[in-house]
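Structure at a glance
Here's the letter readout for the chains.
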Amino acid sequence: MSNLDGKIAWVTGAGSGIGRATAIALAKQGASVVLGDINPAGIEETAGLCGDVNTLSLMQDVTSEETWAHGTDRIETRFGRLDILVNNAGIMIAQPFEEAPVDILRRQQRINVESVYIGMQTALPLMRRTIAAGAKGASIINIASIYGMVAGAQFSAYSATKDAVRALSRAVAYELAKTGIRVNCVLPGPVQTNLGADWEPPRDAAGAPISPEVALAAWAAMIPMGRLGEAQDIAPLVAFLASDAAAFITGAEFVADGGYTAS
């Protein structure tokens, strides 16, 4: 298991799901964790689950450049460095393409893509100073989705945004490769998380909402391992990419989907 002692990690969407599991995994490996989310109760619960490590809770709208800048200021004041950024916050809105207004694309674009763009730009100056002060490097991990590489029913807008995260991650990784700042992308398959409070369930042919139980069962049936993923299945992969053990890995994509995209 990799060691993150002394490192400072910023995780968005840390109030639930993959973000929470990632924050806990990073904390268990010794990192101090900055918890960003729009849900204060979720952040505080995550902080309690991180144990005795140093945490900083941020009320964070990831679409706001102002809140990103405010977060960076607080991190610099509290810790004086930033080693790891996990751009995890995101939403999924399911609707048939023909019926989906462009606002559905725009909303997911802002949260799923623009936040990653803003977050990376905001973090770079502090990461550069961290490296200049003697750190071996810094790591950015962007959470995309397998639905950015394969089709999913009623996920056209979501798929567009997650494929954008993949392309953005590769491009930035290439630009930053000589700086010591690594950028990698994790593509989870169907995971038992609601993607935050804004998740909206898919609908059947008649337009009626499909219950979470039915939707999740349908997804599980398509996975060769026979089950949906859990947030804890993704977090160790993120922790590895955050560590110095992954020092020669950048511009890469890592799929964790129980074999969903294997065939």
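Scroll up to find the structure.
Read on for a plain summary of the structure. (Residues numbered from 1 in each chain as written. Predicted model: local features only at pLDDT ≥ 70, side-chain atom pairs only at ≥ 80, totals over all residues. Heavy atoms only, no water.)

What to know about the pairing of strand β1 (residues 8-12)
The following threshold applies: Accessibility here uses a 1.4 Å probe with only protein chains present; expressed as a share of the type maximum, an area under 20% marks a residue as buried, one over 50% as exposed, and anything in between as partly exposed. The secondary structure listing takes helices from DSSP runs of H or I that are at least 4 residues long and strands from runs of E that are at least 2 residues long, numbered from the N terminus. At least two bridges found by DSSP between two strands is the condition for calling them paired.
Judged by how many residues are buried, β1 sits mostly within the fold: five of five residues are covered. Where burial is concerned, the two faces of β1 agree: the one with I8, W10 and T12 and the one with A9 and V11 are both buried. Note: β1 against strand β2 (residues 32-37), five bridges, orientation parallel. Note that in β2 the partner of V11 across the bridge is L35.

Let's talk about helix α3 (residues 65-78)
Applicable threshold: Residue count minus one, scaled by 1.5 Å, sets the expected span of a helix. An arc is given here, and it is the one of the directions from the helix axis to the C-beta atoms. The contact definition used throughout considers only heavy atoms, calling two residues in contact when any of these lie within 4.5 Å.
Helix length check: α3, at 14 residues, gives a terminal C-alpha distance of 20 Å against a target of 20 Å (1.5 Å per residue), a fit within 8%. Those residues of α3 that fall on the buried side of the exposure criterion are W68, G71, T72 and I75. Relative to the axis of α3, the buried residues are bounded by an arc of 100° and lie together on one face. Facing away from the buried side of α3 by over 90 degrees, the exposed positions are E66 and T77. Those residues of α3 that are buried are in contact with β1, β2, β3 (55-59), β4 (84-87) and α4 (102-132). A positive backbone phi angle near 75° is found at G80, which sits one or two residues after α3.

Points about the sheet that holds β4
Definition in use: Helix axes are fitted only over the stretch in contact, all axes being lines through C-alpha atoms; the angle between N-to-C directions runs from 0 to 180 degrees.
With respect to topology, seven strands assemble into an open sheet ordered β3-β2-β1-β4-β5-β6-β7, the strand pairing being parallel. Whereas interior strands pair on both sides, the edge strands pair on one side only; in this sheet they are β3 and β7 (253-256). Across this sheet, the average inter-strand angle for adjacent strands is 15°, counted without regard to direction. As judged from the three bridges shared by β1 and β4, these two strands associate in the parallel manner. When the bridges of β4 are listed, W10 appears paired with L85. In the packing of helix α7 (residues 231-242) onto the sheet, the strands contacted are β4, β5 (138-143), β6 (181-188) and β7, and the crossing angle to β6 comes to about 165°.

Description of the pairing of β2
To keep things clear, this is the line we draw: Handedness of a crossover is defined as follows: with both strands directed away from the viewer, a clockwise route from the first strand across the helix to the second makes it right-handed.
Summarising burial for β2: six of the six residues are buried, a large majority. Taking every second residue as pointing to the same face, both faces of β2 are buried, with S32, V34 and G36 on one and V33, L35 and D37 on the other. In terms of handedness, the path from β1 via helix α1 (residues 17-28) over to β2 forms a crossover that is right-handed. In this sheet, β3 lies alongside β2 in parallel orientation, the contact comprising five bridges. Paired with V34 across the two strands is L56, which belongs to β3. For the handedness criterion, the β-α-β arrangement of β2, helix α2 (residues 40-49) and β3 is classed as right-handed.

Looking at unusual backbone geometry
The backbone of Q154 sits at a positive phi, close to 70°, despite the residue not being glycine. Looking at the secondary structure, you find Q154 in the loop between β5 and α5 (156-176).

So, the packing of α4 against α5
The condition that has to hold: An angle below 35 degrees is read as roughly parallel, one above 145 as roughly antiparallel, one from 65 to 115 as roughly perpendicular, and any other as oblique. In this scheme the crossing of two helices becomes right-handed for a clockwise turn of the near helix relative to the far one and left-handed for an anticlockwise turn of less than a right angle. Any residue outside Ala, Val, Leu, Ile, Met, Phe, Trp, Tyr, Cys, Pro, Asp, Glu, Lys and Arg is labelled polar, Gly included; the first ten of those are nonpolar and the last four are charged.
At their nearest, the axes of α4 and α5 sit 8 Å apart, and the two run at 20° to each other. Classed by the angle they form, the pair α4 and α5 counts as roughly parallel. Crossing of α4 over α5 shows right-handed handedness. On α5, the residues touching I104, L105, Q108, Q109, N112, V113, V116, Y117, M120, L124 and R128 of α4 are A157, Y158, A160, T161, K162, A164, V165, L168, V172 and L176. Along the lines of polarity and charge, the residues of the contact of α4 with α5 split into 15 nonpolar, four polar and two charged.

Concerning the nonpolar core
Note on soluble globular proteins: their nonpolar side chains tend to be buried together. The cut-off we apply is this: Only buried residues count toward a nonpolar core. Its members are Ala, Val, Leu, Ile, Met, Phe, Trp, Tyr and Cys residues joined through side-chain atoms within 4.5 Å.
Judged by nonpolar contacts, the single largest core of 49 residues is most densely connected at W10, V34, I75, M127, I140 and I181. The set of elements that each furnish at least two residues to this core consists of β1, β3, α3, α4, β5, α5, β6 and α6 (212-221). With eleven residues, α4 is the largest single contributor of residues to this core. Those residues within four positions of W10 in sequence are excluded, and the remaining contacts are V34, L58, Q60, W68, G71, T72, I75, L82, I84, L85 and V86.

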